[in-house]
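The lines below spell out each chain.
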Amino acid sequence: QVQLVESGGGLVQPGQSLRLSCAASGSIFSINRMTWYRQAPGKQRELVATVTSGGSTNYADSVKGRFTISRDNAKNTAYLQMNSLKPEDTANYYCNLDYRDSASYRYLEVWGQGTLVTVSS
């Protein structure tokens, strides 16, 4: 069984920064992709940024140039550095992990519980 623990959310003013962390633990043989999603009140969940095992990244147009996703393979942890935050970035941010289970060798995915980011003056 694999668990994701997210942290780093909070209340900030427009223009400020936050760094989210997503730490994975459990029966992980390998990680394919780590992705951050977000869901604002009354809106659908949307992809924010993703990083592959090879380090390739992809971003939503709305965050390009402001957010940076990275990962520490030794710690099975992904980070989302968020700069120049805007009120429209307010949402619950969720981490998603695509991985290969070490017990079954199946390819599975797991979601974190979410961390709230509020950008307001």
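To keep things clear, this report deals only with the structure shown in the data block.

**Topic: the pairing of strand β5 (residues 46–52)**
Here β5 lies mainly inside the structure; 5 of its 7 residues are buried. Of the pairings in the sheet, the one linking strand β4 (residues 28–39) to β5 comprises 6 bridges and is antiparallel in character. If you follow Arg 33 over to β5, its bridge partner there is Thr 52. Between β4 and β5, which pair antiparallel and follow one another directly, the connecting turn spans 6 residues, one of which, Gly 42, has a positive phi of 75°. Inspection of the sheet shows β5 paired to strand β6 (residues 57–59) by 3 bridges, in the antiparallel sense. When the sheet's bridge partners are listed, Val 51 is paired in β6 with Thr 57. Where β5 hands over to β6, the hairpin turn is made up of 4 residues, of which Gly 55 adopts a positive phi near 95°.

**Points about the nonpolar core**
By size, the foremost hydrophobic cluster in this structure holds 32 residues, and its most contacted members are Trp 36, Leu 80, Met 82, Tyr 93 and Leu 97. Counting only elements with at least two residues in this core, the list comes to β1 (2–7), β3 (18–26), β4, β5, β7 (67–72), β8 (77–82), β9 (91–101) and β11 (115–119). For this core, the element with the highest residue contribution is β9, accounting for 5 residues. Those residues in contact with Met 82 that lie beyond four places of it in its chain are Gln 16, Ser 17, Leu 18, Leu 20, Arg 66, Phe 67, Tyr 93 and Val 117.

**Here's the deal with the state of the cysteines**
Under the criterion given, the structure shown has 1 disulfide. For Cys 22, the disulfide goes to Cys 95, at an S-S distance of 2.1 Å. Classification of the bridge connecting Cys 22 and Cys 95 rests on its S-S torsion, roughly -85°, and on that basis the disulfide is left-handed. Taken together, the positions of Cys 22 in strand β3 and Cys 95 in strand β9 put the pair 73 residues apart, joining distant regions of the chain. This pair shows no difference in class: Cys 22 is buried, exactly as Cys 95 is.

**Some thoughts on the side chain of Arg 66**
Here Arg 66 lies in the loop between β6 and β7. Given the relative accessible area of 10%, Arg 66 is considered buried. A polar contact of 2.9 Å, which involves the side chain of Arg 66, links it to the backbone oxygen of Ser 62. Not counting residues up to four positions away in its chain, the partners in contact with Arg 66 are Gln 81, Met 82, Asn 83, Ser 84, Leu 85, Lys 86 and Asp 89.

**Focus on the sheet that holds β7**
Overall, antiparallel pairing links the 4 strands, which are arranged β1-β3-β8-β7 in an open sheet. Whereas interior strands pair on both sides, the edge strands pair on one side only; in this sheet they are β1 and β7. Mean inter-strand twist for the sheet, computed between neighbouring axes without regard to direction, equals 15°. Two elements, β3 and β8, share 6 bridges in a ladder whose sense is antiparallel. Bridge pairing in β8 links Arg 19 to Gln 81.

So, how was this worked out
- Residues numbered from 1 in each chain as written.
- Predicted model: local features only at pLDDT ≥ 70, side-chain atom pairs only at ≥ 80, totals over all residues.
- Heavy atoms only, no water.
- Buried < 20%, exposed > 50% of the residue type's maximum accessible area, 1.4 Å probe, protein only.
- Helix = DSSP H or I, 4+ residues; strand = E, 2+ residues; numbered from the N terminus.
- Pairing = 2+ DSSP bridges.
- Core = buried A, V, L, I, M, F, W, Y, C linked by side-chain atoms within 4.5 Å.
- Contact = heavy atoms within 4.5 Å.
- Disulfide = S-S within 2.5 Å.
- Polar contact = N/O pair within 3.5 Å; in protein donor to acceptor, adjacent residues only side chain to side chain.
- Axes fitted to C-alpha atoms, helices over the stretch in contact; angles between N-to-C directions.

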